[in-house]
Amino acid sequence: MKPSKEAAAIRTGAVAVLLTVLLLFAGNSSVLAAAGDLDSSFGGTGKVTTAFGTSHDDANAVAIQPDGKVVAAGSTESGATGYDFALARYNTDGTLDSSFDGDGRVVTPILDSWDFAQAVVVQPDSKIVAGGWAWNGTDYDFAIARYNSDGSLDSSFDGDGLVTTPIASSHDEIYALALQSDGKIVAGGITWDGTATDFAIARYNADGSLDSSFDGDGKVTTIVGPSDDHVFALALQTDSKIVVAGPTRATNWDFAIARYKADGSLDSSFGGDGVVTTQVGSGRDRAYGLAIQPDSKLLVAGEAEIGSNRDFALARFEPDGDLDPSFDGDGKVTTGIGGSHDDGRAIVLQPDGKIVVVGRSAGSNSDFALVRYKTGGGLDTSFGGDGKVTTPIGAGNDGAFAAAIQSDGRIIAAGRTDIGSARDFALARYQTAGTDPPPPPPGECTITGTPERDTLVGTAGADTICGLGANDTLKGLGANDTLIGGSGNDTMLGGAGNDSLEGGIGKDTASFTASPAGVTVDLAAGTSTGEGSDTLEAENAVGSGFPDSLTGNGGPNTLTGGNGSDSLIGAAGSDVLKGGGSADTLDGIDGVGGNDKLNGGATTSDICNRDPGDTIANCP
């Protein structure tokens, strides 16, 4: 069978196009970067270290300002006086920002000694709030400092920019902060009740005073288990409820989550009593990171004991506290990175719904470690080749304890690095999906598009069809083809054979309109069967003219049935489900009202399952 005219035309210009494109890519290192690579525009190598003194400096928190500058907070050892709060601010290129206290660094003693900052947030007015604990002479108190944008303490915050708060009898420590939209500050951590540590939450007014509308005195403590309970992470829901996460200990450690109403009372709609505990591995399971998805599902990251090792652990919960079975089958996933001790410390959510857990991996030394997951819980192999990235910062032990995502999608990880017998602040910046990797080299693509919008049609043989920069249509034929969309919103039709459909950047569609039989498509798993056994990476799917089953991946998906009686399952995310000409079943139930759109199609016998507020059309 002869190649199509379209394919022949493309082949004629393929060499010239590839040479031009490769020259362009060769002159632009940011375009050559792949997801998971260090961003060399940050500090020259993607890594930055900062010393405050000559001893131990640890970055425990990081935040991004609206202007893109990066704020890291932690502690610095200050000789005989113990430790003090330490903050550094960096320009977008990784250099210290001299407009922040003259040299980009601020050191603040809170009380007499042993002051540690563990959390930082940036207000909309660019003031910086750091939280941790301070030694009052006999024990620790919650401690908060608020800074003006130039690094000076903000005297409008409790008179001198500093607030300390005793919660219970002793050992009151902040590990997490969040800003409410009304300017109030929520702090989460631990307190000692005389026999064990408990969850501790405090809410402050914008002037630094305790908010008496929060449980009467601005403070709440919660006993989760029979022994120690720690809050290490805190997040705010859009309905003003407060979610905290950390470990709880009975015989072993387990993940623990609590949700509070805006008045400080536990929310009984979450787990029945406001508290949920979850065993992930066989022993020591400790939660450190928390994030809330746009569909209100909760992600909790940490470490789980798997045999004699500890691995990254990630769990996803429904808004009512139940584990989400659409996430890796049982709501939980563990990932070994390579060391004997791998622990996830922070979570960032990408705009496309992918999940990045940041922490450390320890072998002979420990390194920064990142793992990226697809929305369904599977490893995203487009990140670092296998979904996992490790980064040595120095020659000794390195660990990332915090992370933030920039507006351009790049990820900042912050922690510490050993420098001889001392430790310094350490930051690294990583590429995500914000830039395209280079096109495959000449000879790998059998058919290659142009930077314009193309329709590329394969041959009867096994083809590798490569689109470039626009919204392309790629069509395989009878063999096992590879379709690579590139950037743009591409449509991919694999045809017969066992094909690989790789959408790349953009909102891509896997289409099966030419299939001679019904198909089963699972965007979360990245598979389809019926027209061959395909692997795919796409955001949208279009079925055949036969009965199909199309399932989304937890992000925003558009699922379109054909003329058969189709089953369209949106899963989480803001989905559009479109039936066809037969009796279809559309399932938009994800626990979030008003985020999905369901259109039954041409018949009146469709079944449309939905949450209150979801938009429907042509449904009974």
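In case you missed it, the structure is sitting above this.
Please read these numbers as outputs of a predicted model, since none were measured by experiment.

Visitor: Give a description of the overall build of the protein chain that names residues and reports values.
Guide: A tally of helices and strands in the protein chain yields 2 helices and 48 strands. For 620 residues, the compact-globule formula gives about 25 Å, and the C-alpha radius of gyration of the protein chain, at 26 Å, lands near that figure. Considered along the principal axes of its C-alpha atoms, the protein chain spans approximately 85 × 55 × 45 Å. Within the span of the protein chain, comprising 620 residues, buried residues form 56% of the whole. In the protein chain, 42% of the contacts between residues at least 6 apart in sequence involve partners at least 24 apart. For the protein chain, the accessible area works out to roughly 22700 Å², and carbon and sulfur atoms hold 51% of it.

Visitor: I'd like to hear about the state of the cysteines, residue by residue, with values.
Guide: Applying the stated rule across the entire model yields 2 disulfides. One disulfide in the model links Cys 445 with Cys 466; its S-S distance is 2.1 Å. Here Cys 445 and Cys 466 share a disulfide; its torsion about the S-S bond, -85 degrees, makes the bridge left-handed. Here Cys 466 lies in strand E31 (residues 464-466) and Cys 445 lies in the loop between strand E28 (422-430) and strand E29 (447-448), a separation of 21 residues in the sequence.

Visitor: Please set out the side chain of Thr 278 residue by residue, giving values where relevant.
Guide: One can find Thr 278 in strand E17 (residues 275-278). Other than its neighbours up to four places away in sequence, Thr 278 contacts Asp 254, Phe 255, Phe 317, Leu 323 and Lys 332.

Visitor: Kindly report on the pairing of strand E27 (residues 411-419), identifying the contributing residues and their values.
Guide: In this structure, strand E26 (residues 398-405) lies alongside E27, joined through 7 bridges in antiparallel fashion. Looking at the pairing, Ala 400 lines up with Gly 415 of E27. Both E27 and E28 contribute to a ladder of 9 bridges, which runs antiparallel. What sits directly across from Asp 418, in E28, is Arg 423. Turn length for the E27-E28 hairpin, with the two strands adjacent in sequence and antiparallel, is 2 residues, and the turn residue Gly 420 shows positive phi of about 65 degrees.

Visitor: Account for the sheet that holds strand E32 (residues 473-475), naming residues and giving values.
Guide: Read from one edge of the open sheet, 9 strands run E30-E32-E34-E36-E40-E42-E44-E46-E48, paired in parallel fashion. A strand with exactly one partner marks an edge of an open sheet, and here the two such strands are strand E30 (455-457) and strand E48 (615-617). Direction aside, neighbouring strands of the sheet carry axes that sit 10 degrees apart on average. As defined by bridge partners, strand E40 (residues 540-542) adjoins strand E42 (residues 558-560) across 2 bridges and the pair is classed as parallel. Counted as the bridge partner of Ala 541 is Leu 559 from E42.

Calculation rules
- Residues numbered from 1 in each chain as written.
- Predicted model: local features only at pLDDT ≥ 70, side-chain atom pairs only at ≥ 80, totals over all residues.
- Heavy atoms only, no water.
- Helix = DSSP H or I, 4+ residues; strand = E, 2+ residues; numbered from the N terminus.
- Rg over C-alpha atoms; globule rule 2.2 N^0.38 Å.
- Buried < 20%, exposed > 50% of the residue type's maximum accessible area, 1.4 Å probe, protein only.
- Contact = heavy atoms within 4.5 Å.
- Areas by Shrake-Rupley, 256 points an atom, 1.4 Å probe, with all protein chains shown as cover.
- Disulfide = S-S within 2.5 Å.
- Pairing = 2+ DSSP bridges.
- Axes fitted to C-alpha atoms, helices over the stretch in contact; angles between N-to-C directions.

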